[in-house]
Amino acid sequence: MTILPTSYFPNIEYFKILFENKEVVIDINERYEKQTFRNRTTILTANGLLNLSVPVIRPQGKNTLIKEVAISYAENWQKDHLKAIESAYRNTPYFQFYWDAISEILEKKHLFLWELNFEITQHLIDKFGLTVKLDTTSEFIDFKKDDYRKNLHPKIDTGFKTKPYIQTFEERYGFVNNPTALDLLCNEGPNGISILQESN
């Protein structure tokens, strides 16, 4: 069983794992960890890399399970994220084909973080044309082989290399390795699956 953490607009490495597997389970019964990809993503903008974070509420403090982590709407983070994503990707070749559906997902008021992440991930799976079946855990599963819950972390370099593709601000920053898979989708569209296949 391949286990992944929940992730907000997951990066390309995450989607490489989805590409390589027929079935993947998202762990919603682990304890929520701060400063991870569980509630944040990295997009490439005119001003360089930008982290977008979903504000969350942890009802049980540090013992809160992923399935209990609620989204805070005290501030209009959705508007900020939509504006940042549109600004970053509106000039990409495929943005117009995906923007309406993505903005619709973000504008919904999901109660829980994992629900938002799951809908985004499933949507991107469909748009890339992947055949993986996505499910969630019904209980906590001990760490094992094919388990990416600890490795997919902003502070851990796994050595993953994205096969280069044309990025919007490449002439300014050079090729940026492993941003959100949304970057790949907006720039490469249906050909994104070939980039996933050839990334290592």
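Note: the structure precedes this text.
Here is what the cut-offs are and how they apply
Residues numbered from 1 in each chain as written. Predicted model: local features only at pLDDT ≥ 70, side-chain atom pairs only at ≥ 80, totals over all residues. Heavy atoms only, no water. Helix = DSSP H or I, 4+ residues; strand = E, 2+ residues; numbered from the N terminus. Rg over C-alpha atoms; globule rule 2.2 N^0.38 Å. Buried < 20%, exposed > 50% of the residue type's maximum accessible area, 1.4 Å probe, protein only. Contact = heavy atoms within 4.5 Å. Areas by Shrake-Rupley, 256 points an atom, 1.4 Å probe, with all protein chains shown as cover. Lys, Arg positive; Asp, Glu negative; His and termini not counted. Charge placed at Lys NZ, Arg CZ, Asp CG, Glu CD. Expected span 1.5 Å × (residues − 1). Arc of directions from axis to C-beta. Pairing = 2+ DSSP bridges. Axes fitted to C-alpha atoms, helices over the stretch in contact; angles between N-to-C directions. Core = buried A, V, L, I, M, F, W, Y, C linked by side-chain atoms within 4.5 Å. Salt bridge = Lys/Arg side-chain N within 4 Å of Asp/Glu carboxyl O.

**Notes on the overall build of the protein chain**
Item 1. When helices and strands are tallied, the protein chain shows seven helices and seven strands.
Item 2. Traced from its N-terminal end to its C-terminal end, the protein chain shows the element sequence β-α-β-β-β-β-β-α-α-α-β-α-α-α.
Item 3. A globule of 200 residues ought to have a C-alpha radius of gyration of about 16 Å, and the protein chain, at 16 Å, matches this closely.
Item 4. Each principal axis of the C-alpha atoms in the protein chain carries an extent, and together these give about 45 × 40 × 30 Å.
Item 5. Across the 200 residues in the protein chain, those meeting the buried criterion constitute 51%.
Item 6. For the protein chain, the proportion of contacts with a sequence separation of at least 24, taken over those separated by at least 6, is 69%.
Item 7. Counting every atom, the protein chain has about 10100 Å² of accessible surface; 47% of that belongs to carbon and sulfur.
Item 8. Placing the 24 positive and 27 negative side-chain charges of the protein chain at their respective mean positions leaves the two points 5 Å apart.

**What about helix H2 (residues 77-89)?**
Item 1. Between its first and last C-alpha, H2 extends 18 Å over 13 residues, near the 18 Å set by a 1.5 Å rise per residue.
Item 2. Inspection of H2 places Trp77, Gln78, His81, Leu82, Ala84, Ile85, Ala88 and Tyr89 among the buried residues, and these make up the whole buried set. The buried residues of H2 all sit within an arc of 165° when viewed along its axis, so they share a single face. For H2, the exposed residues set more than 90 degrees away from the buried face come down to Lys79 and Lys83.
Item 3. Buried-residue contacts for H2 involve strand S3 (40-45), strand S4 (48-53), strand S6 (70-71), helix H3 (95-107), helix H4 (113-128) and helix H6 (181-188).

**What about the sheet that holds strand S2 (residues 23-27)?**
Pairing between the strands of a sheet is mediated by backbone hydrogen bonds and can be parallel or antiparallel.
Item 1. With parallel pairing, three strands are arranged side by side in an open sheet as S1-S2-S7. Unpaired on one side and paired on the other, strand S1 (2-5) and strand S7 (133-136) mark the two borders of the sheet. With strand direction ignored, the average angle separating the axes of adjacent strands in the sheet is 35°.
Item 2. Its contacts with the sheet place helix H1 (residues 12-20) against S1, S2 and S7, and it is angled at close to 155° to S1.
Item 3. The sheet contacts of H4 involve S2 and S7, and relative to S7 the element is tilted by about 170°.

**What about the nonpolar core?**
Item 1. Core analysis: the biggest nonpolar cluster contains 53 residues, and Phe15 and Leu18 have the highest contact counts within it.
Item 2. Examining the composition of this core, we find that seven residues originate from one element, H4, more than from any other.

**A few points about the pattern of salt bridges**
Item 1. According to the stated counting rule, one finds five salt bridges in the structure shown.
Item 2. Among the salt bridges present, the one from Glu20 reaches Lys16, with a minimum N-O distance of 3.7 Å. Of this pair, Glu20 and Lys16 both sit in helix H1, four residues apart, which is roughly one turn of the helix.
Item 3. When the shortest N-O distance is used, the salt bridge between Glu198 and Lys163 registers 3.4 Å. Pair noted here: Glu198 is in helix H7 (residues 192-198) and Lys163 is in the loop between S7 and helix H5 (170-173), with a separation of 35 residues, a long-range link.
Item 4. With relative accessibility at 30%, the residue Lys163 sits in the partly exposed group.

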